[in-house]
Amino acid sequence: MILKILKYSFALLLISLCLPAKAQRDKATADTVPPQQRVRGIQYESKEAAAAAAAKADEGKLLKGFAVGGDVVGIAMGIFAPYGQYEGFFRVNLGNRFFPIAEVGWGVSDHTDETTQIHYKSNAPYFRIGCDYNVANDKKSGNRIFFGLRYAFTSFKYDLDGPALTDPVYGDAMPFSFHGLKGGQHWLELAGGLEARICRFFHIGWTLRYRQRLHEKKADVGSAWYVPGYGKQGNHAISGTFNLVFDL
């Protein structure tokens, strides 16, 4: 028994002495190999081959990224036109083909009609959700031709002020002033447009939109002149946006 214990102890001693020596030899050998000849992960013949391999690996991913952006036309309309909007969106890229999107904006109007002298004022938020579909054949370029659908809605208040009305029977003057009138609307949008990549993460594009009213909530005095996010009141409307888009 004692002899076996001595044998095992001697074997362990030899192993403990040999391992550090082997490690030193391996390190010395590695130090003599030039850096360009050392193997570090997967090696490719060129940068182009590495990029092609990375692109091929990315093809199988459904989620390609996210983007944020905003409309420039609505801002210009808010400054120079009777009404406008400040609008931004958040978008998801699924396979460079489908783009679910959520749009949020704030519609504004402060306008007096030259003929009736009725002053209309409103500012309120609106919301849209939907999805775009990219029909361009080259999905990797970042340039897109798309069509989409949106569901939109808003709930808002507005003010109406105008010249006093004269009672046709008694001749009394009745003030025409209504504040805090409540309105609301739901509508669908058909969208189509183009988008071009300017650099790696920045795109610009324009969109043409056809809007069809689904439901309107009227105030006691009738329909609102302007609906935030929709435009001038009516069963349908047409508008456009010019978007700045940033990939995240």
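Reading guide: rules and limits
- Residues numbered from 1 in each chain as written.
- Predicted model: local features only at pLDDT ≥ 70, side-chain atom pairs only at ≥ 80, totals over all residues.
- Heavy atoms only, no water.
- Core = buried A, V, L, I, M, F, W, Y, C linked by side-chain atoms within 4.5 Å.
- Buried < 20%, exposed > 50% of the residue type's maximum accessible area, 1.4 Å probe, protein only.
- Helix = DSSP H or I, 4+ residues; strand = E, 2+ residues; numbered from the N terminus.
- Pairing = 2+ DSSP bridges.
- Axes fitted to C-alpha atoms, helices over the stretch in contact; angles between N-to-C directions.
- Contact = heavy atoms within 4.5 Å.
- Salt bridge = Lys/Arg side-chain N within 4 Å of Asp/Glu carboxyl O.

**Looking at the nonpolar core**
If you look at the biggest cluster of nonpolar residues, it comprises 16 residues, and the most contacted ones within it are Tyr 120, Phe 156, Tyr 158 and Leu 160. Of all the elements in the fold, those that place two or more residues in this core are strand S4 (119–134), strand S5 (144–166), strand S6 (173–197) and strand S8 (226–227). Considering every element that reaches this core, the biggest residue donor is S5, with 4 residues.

**Some thoughts on unusual backbone geometry**
Trans peptide bonds make up most of the peptide bonds, and negative phi angles are found at most residues other than glycine. Phi at Asn 96 is positive, roughly 55°, even though this residue is not glycine. Position of Asn 96 among the secondary structure elements: in the loop between strand S2 (83–94) and strand S3 (98–112). On the basis of relative accessible area, Asn 96 is assigned to the buried category, the value being 15%.

**Concerning the sheet that holds S3**
Reading around the circumference, S1-S2-S3-S4-S5-S6-S7-S10 is the order of the 8 strands in this closed barrel, with antiparallel pairing throughout. Taken pair by pair, the neighbouring strands of this sheet meet at an average axis angle of 25°, ignoring direction.

**Digging into the environment of Phe 147**
Among the secondary structure elements, Phe 147 is positioned in strand S5. Looking at Phe 147, the relative accessible area reads 52%, which means it is exposed. In this structure, the C-alpha to C-alpha distance between Phe 147 and Leu 194, residues 47 residues apart in sequence, is 9.1 Å. Excluding residues within four positions of it along the chain, Phe 147 makes contact with Cys 131, Asp 132, Tyr 133, Val 135, Ala 191 and Gly 192.

**Some details on the pattern of salt bridges**
Evaluation of the coordinates by the stated rule reveals 12 salt bridges. When the shortest N-O distance is used, the salt bridge between Glu 87 and Arg 209 registers 3.9 Å. On the criterion of sequence distance, the pair formed by Glu 87 in strand S2 and Arg 209 in strand S7 (residues 202–217) is long-range, its members being 122 residues apart. As far as the burial class goes, Glu 87 and Arg 209 line up, both buried. Residue Arg 144 pairs with Glu 195 through a salt bridge whose shortest N-O separation is 2.8 Å. Here Arg 144, found in strand S5, pairs with Glu 195, found in strand S6; they are 51 residues apart in sequence, far enough to count as distant. Of the two residues, Arg 144 and Glu 195, neither departs from the other in class, the shared state being buried. Connected through shared salt-bridge partners, Glu 87, Glu 103, Arg 128, Asp 132, Arg 150, Glu 189, Arg 209 and Arg 211 make up one network.

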